[in-house]
Amino acid sequence: MKKAIIGMFLCFATVQLSHAQAKLPNAATTSTTKEEQEILDLSKTKWTWMADKNVESLNGLFTENCAFVHMGGSWGKTQELNTIKGGFIWYKKAEVYGASVNIFGNTAILLNDIDLLAVVGGNEVVHAFMVTEVYLKENGKWKMGSLTFSTLVRPVKMKTNIPQTAQPQH
């Protein structure tokens, strides 16, 4: 009897966990809520602002204690805005291949599977990343709390004249 109860509990837990999986960028398409679409649109706009070096708009998007994690280090809002404004990293083009949003109350976590064409230290480079963006809803408005670049092992898909062996110092 004890084994049967434990077995039923494990079956129930497995079913519950299978429904609790996060949405991932390469997962089968599911319906998107209005709030999730708002985050996806905001992220897309953010990539445009970064490419245009629009630090004024980015300043309004980033929370004061926003954290940025790059291949070469991590820093806060002021340094990120100075890095963009000064052209130390120019996020020239982000080609997004998949994106997903998971919302937990006033926190949204967005995952982007991208190829990033950037100019770093005067050199044009392209690299595959999974980018994690964390958004916080403050006074009814979404603001970015964190942006993290994680290197992907997949080949770059973006068509460029840059050798794919180039590794950014990002």
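Rules and cut-offs
- Residues numbered from 1 in each chain as written.
- Predicted model: local features only at pLDDT ≥ 70, side-chain atom pairs only at ≥ 80, totals over all residues.
- Heavy atoms only, no water.
- Salt bridge = Lys/Arg side-chain N within 4 Å of Asp/Glu carboxyl O.
- Helix = DSSP H or I, 4+ residues; strand = E, 2+ residues; numbered from the N terminus.
- Core = buried A, V, L, I, M, F, W, Y, C linked by side-chain atoms within 4.5 Å.
- Buried < 20%, exposed > 50% of the residue type's maximum accessible area, 1.4 Å probe, protein only.
- Pairing = 2+ DSSP bridges.
- Polar contact = N/O pair within 3.5 Å; in protein donor to acceptor, adjacent residues only side chain to side chain.
- Contact = heavy atoms within 4.5 Å.
- Axes fitted to C-alpha atoms, helices over the stretch in contact; angles between N-to-C directions.
- pLDDT = per-residue confidence, 0-100.

Side note on the pattern of salt bridges
Moving on, step 1. Across all of its chains, the model carries 7 salt bridges by this definition.
Moving on, step 2. Between E124 and K92 there is a salt bridge; the shortest N-O distance is 2.4 Å. In this pair, E124 is assigned in strand β5 (residues 123-138) and K92 in strand β3 (residues 89-104), connecting sequence segments 32 residues apart.

Some words on the nonpolar core
Moving on, step 1. F62, Y135 and F149 are the most contacted members of the largest nonpolar core, which has 29 residues in total.
Moving on, step 2. Of all the secondary-structure elements, those providing two or more residues to this core are α2 (34-51), α3 (55-61), β1 (62-70), α4 (77-85), β3, β4 (107-120), β5 and β6 (141-151).
Moving on, step 3. Ranked by the residues each element gives to this core, the list is headed by β4, at 6 residues.

Quick look at the pairing of β1
Moving on, step 1. Examined bridge by bridge, β1 and β6 share 4 bridges and lie parallel to one another. What sits directly across from A67, in β6, is S146.
Moving on, step 2. The pairing of β1 with strand β2 (residues 73-76) spans 4 bridges and is classified as antiparallel. For A67, the partnering residue across the bridge sits in β2 and is G76.
Moving on, step 3. Following β1, the chain reverses through 2 residues before pairing antiparallel with β2.

Re the side chain of T83
Moving on, step 1. In this structure, T83 sits in helix α4.
Moving on, step 2. Looking at T83, the relative accessible area reads 8%, which means it is buried.
Moving on, step 3. Engagement of the side chain of T83 in a polar contact is seen with the backbone oxygen of Q79, the distance being 2.7 Å.
Moving on, step 4. In contact with T83, other than residues within four places in its own chain, are W75, F88 and I89.

Here's the deal with the sheet that holds β4
Moving on, step 1. The strand order β2-β1-β6-β5-β4-β3 describes an open sheet built from 6 strands, whose pairing is mixed. In the strand order of this sheet, the two ends are held by β2 and β3, each with one partner. Across the sheet, the axes of successive neighbouring strands diverge by a mean angle of 20°, strand direction being ignored.
Moving on, step 2. Taken together, the 10 bridges between β5 and β6 define a ladder with antiparallel strand orientation. Counted as the bridge partner of M130 is S150 from β6.
Moving on, step 3. Seen against the sheet, α2 touches β3, β4, β5 and β6 and runs at an angle of roughly 170° to β3.

Focus on the confidence of the model for the chain
Moving on, step 1. For the chain, per-residue confidence averages 83 on the pLDDT scale, and 77% of positions sit at 70 or higher.
Moving on, step 2. The secondary-structure element of the chain with the lowest mean pLDDT is helix α1 (residues 2-19), recorded at 41, while α3 shows the highest, at 97.
Moving on, step 3. Considering only residues more than four positions removed or in separate chains, one finds that residues 165-170, a stretch of pLDDT under 50, has 18 contacts.

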